[in-house]
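Residue-level structure breakdown
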Amino acid sequence: MSQFSLKMDIADNRFFTGETSPLFSRAEAQKARAFHKKLAGYEPTPLCDLQALAAYVGVKQILVKDESKRFGLNAFKMLGGVYAIANLLCNKFGVAVEEFTFDLIKRTIKEPMTFATTTDGNHGRGVAWAAKQVGQHAVVYMPKGSAQERVDHILGLGAECIVTDMNYDDTVRLTMKMAEERGWYIVQDTAWEGYTEIPTWIMQGYSTLADEAVEQMQGMGIRQPTHVLLQAGVGALAGGVLGYLVDCFGARELHSIIVEPDQADCIYRSGVAGEMVNVGGEMRTIMAGLACGEPNPLGWPLLKDCATQFVSCHDKVSALGMRVLGNPLGEDSRIVSGESGAVGAGLLVAVRHHPQREALMARLGLNQESVVLLVNTEGDTDMAHYREVVWEGKHPI
């Protein structure tokens, strides 16, 4: 077996309390899922049991929730965007969210509305999709260096898309300024003072995938995962999904690992410091969906209280995961995973090949009884780069 050492900095959470949040709970997740079930085309995304990969890594099971199959949009993000827009419109027009339909809202809206957001690609695509369903306009700002394919996906849904010359967090500030000047409705997946309701709905919307996964595990005879690896940008997905899981199983009964690129590891640094730490600069990482330098203040408290460990890793870890999932062992399902979706799988395989494998396995609490849950948050949303990594060997070991 070959050995190689990829950069993976692991920090134990010294500030863990195990305190859960009523905002991000099983009850709120089931409310969001009941909403999503009413949408045309809804079905749970697959939970893939990668038995051969699990045996190779040295654990009992590796389960991958494959969000590349979500509503034909190749990513999980629409779960949050559409749930937030629906709640926003229901509040505005006095409609119960349980009664929401796109046709009802279309008939109710009398004057044009514009929804604005900042995105690395997937969240903006979800907002554009939701705006189109209710017959309204979306303006989507993207940070410097955004892939043209991701821009084209948003334009194809009828939204306006503007790529800035700034990083993600500065682009968020520009979006806020433009929305205030022009009377647009901001649908952003991070929070700031005076702006918490919509990002709360977004995080609750994300937790639909966790409710599906637990139901699917129970159908497979699995009581619960022992481990979950969750990737973090601002921490909205990680907070929403972890909130659900710890409400179901208890924070002390679940080994949760939050993984980030080392060029945008604001959650990792916050975990080390015990308070929110921002990361500036251009954040040059292939994990575009995770290239965020400022933690979501709604998600951060839950991660601080309930995450077991934080990991900051090199882009090569994600590239490894893309190749592993796309070229499976034995009878395992093939999973097309984008840069942000593959980092959890990449981390497991990087540990398998590390010269200090046994020490790292022990550090992460992994053994032959471990049941590990991963979330493939996106497919090949930048197909050209996906081929460069998987076919051409870009970002090699």
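Residues numbered from 1 in each chain as written. Predicted model: local features only at pLDDT ≥ 70, side-chain atom pairs only at ≥ 80, totals over all residues. Heavy atoms only, no water.

For the protein chain, an unreviewed UniProt entry supplies the name Diaminopropionate ammonia-lyase and the organism Aeromonas schubertii. According to the UniProt record, the Cofactor (unreviewed entry) comment for the protein chain reads "pyridoxal 5'-phosphate". (UniProt positions renumbered as here; feature names shortened; annotations may be inferred.)

Here we take up helix H16 (residues 383-390). Within the span of H16, buried status applies to His385, Tyr386, Val389 and Val390. One side of H16 carries all its buried residues, which in axial view fall inside an arc of 120°. Tucked inside the fold, the buried residues of H16 contact helix H13 (315-326). (Buried < 20%, exposed > 50% of the residue type's maximum accessible area, 1.4 Å probe, protein only. Helix = DSSP H or I, 4+ residues; strand = E, 2+ residues; numbered from the N terminus. Arc of directions from axis to C-beta. Contact = heavy atoms within 4.5 Å.)

Turning to the sheet that holds strand E7 (residues 185-186), a few remarks are in order. Strand order in this open sheet of four strands is E6-E5-E4-E7, and the pairing throughout is parallel. Among the strands making up the open sheet, the edge pair consists of strand E6 (160-163) and E7. As defined by bridge partners, strand E4 (residues 114-118) adjoins E7 across two bridges and the pair is classed as parallel. By the bridge assignment for E7, Phe115 is matched with Tyr185. (Pairing = 2+ DSSP bridges.)

Mapped onto the secondary structure, Gly58 falls in the loop between helix H2 (51-57) and strand E3 (61-66). When neighbours within four sequence positions are excluded, Gly58 is seen to be in contact with Arg357, Met361, Asn367 and Gln368.

This brings us to the packing of H13 against helix H14 (residues 343-353). One can describe the packing of H13 onto H14 by two numbers: an axis separation of 7 Å at closest approach and a directional angle of 95°. Between H13 and H14, the crossing angle belongs to the class labelled roughly perpendicular. Residues Val317, Ser318, Leu320, Gly321, Val324 and Leu325 of H13 lie in contact with H14, whose contacting residues are Val343, Ala345, Gly346, Leu347, Val349 and Ala350. (Axes fitted to C-alpha atoms, helices over the stretch in contact; angles between N-to-C directions. Parallel < 35°, antiparallel > 145°, perpendicular 65-115°, else oblique.)

Now for the UniProt feature "domain: Tryptophan synthase beta chain-like PALP" (unreviewed entry) in the protein chain. Under the UniProt annotation, "domain: Tryptophan synthase beta chain-like PALP" (unreviewed entry) lies at residues 41-349. Spanning residues 41-349, this segment combines 44% helix with 14% strand, and its end C-alpha atoms are found 34 Å apart.

With that settled, consider the nonpolar core. Formed by 97 residues in total, the largest nonpolar core has its most connected members in Leu89, Phe115, Trp129, Leu242, Leu245 and Ile258. Top contributing element to this core by residue count: helix H3 (residues 78-93), with ten residues. Excluding residues within four positions of it along the chain, Ile258 makes contact with Leu230, Ala232, Ala238, Ile267, Leu303, Ala307, Gln309, Phe310 and Val311. By size, the runner-up hydrophobic cluster in this structure holds 45 residues, among which are Cys48, Val336, Val351 and Leu374. (Core = buried A, V, L, I, M, F, W, Y, C linked by side-chain atoms within 4.5 Å.)

Looking now at the sheet that holds strand E9 (residues 255-261). Strand order across the open sheet formed by seven strands is E1-E10-E9-E8-E11-E3-E2, with mixed pairing between neighbours. Of all strands in the sheet, those with a lone pairing partner are strand E1 (8-12) and strand E2 (47-49), marking the two edges. Adjacent strand axes in the sheet meet at a mean angle of 20°, parallel and antiparallel pairs treated alike. Bridge analysis of E2 against E3 gives three bridges, and the strand direction is antiparallel. What sits directly across from Cys48, in E3, is Val64. Packing of helix H10 (residues 236-249) onto the sheet brings it into contact with strand E8 (227-231), E9 and strand E11 (371-376), and relative to E8 it is tilted by some 160°.

Throughout the structure, instances matching the rule amount to ten aromatic pairs. On the basis of an interplanar angle of 65° and a centroid distance of 4.8 Å, the ring pair of Phe76 and Tyr206 is categorised as edge-to-face. Note that Phe76 is positioned in the loop between E3 and H3 and Tyr206 in helix H8 (residues 197-206), a separation of 130 residues in sequence. Classification of Tyr206 as buried rests on a relative accessible area of 0%. An aromatic cluster is present here, built from Phe35, Tyr42, Phe71, Tyr83, Phe100, Phe102 and Trp129 joined pairwise through their rings. In this structure, Arg352 is placed above the aromatic ring of Tyr56, and the distance from its NZ or CZ to the ring centre is 4.2 Å. (Phe/Tyr/Trp six-rings, centres within 6.5 Å; stacked < 30°, edge-to-face > 60°. Lys NZ or Arg CZ within 6 Å of the ring centre and 35° of its normal.)

Bringing the side chain of Ser337 into the picture now. In this structure, Ser337 sits in the loop between H13 and H14. A residue is classified by how much of its surface remains accessible, and Ser337, at 0% relative accessible area, is buried. For Ser337, the residues in contact, after removing those within four places along its chain, are Met322, Leu325, Ala342, Asn376, Glu378, Gly379 and Tyr386.

All right, on to the environment of Ser146 then. Following the sequence through the fold, Ser146 ends up in the loop between strand E5 (137-142) and helix H6 (148-155). In this structure, the C-alpha to C-alpha distance between Ser146 and Leu360, residues 214 residues apart in sequence, is 34 Å. Within polar-contact distance, the side chain of Ser146 engages the backbone oxygen of Pro143 at 2.7 Å. (Polar contact = N/O pair within 3.5 Å; in protein donor to acceptor, adjacent residues only side chain to side chain.)

Another aspect to go through is the pattern of salt bridges. Scanning all chains against the criterion turns up 19 salt bridges. Of the charged contacts in the structure, one is a salt bridge between Arg70 and Glu212, with a shortest N-O distance of 2.9 Å. Here Arg70 is found in the loop between E3 and H3, whereas its partner Glu212 is found in helix H9 (residues 208-219), with 142 residues between them in sequence. When sorted by exposure, Arg70 lands in the same class as Glu212, which is buried. The closest approach of N and O atoms between Asp265 and Arg269, which form a salt bridge, is 2.8 Å. (Salt bridge = Lys/Arg side-chain N within 4 Å of Asp/Glu carboxyl O.)

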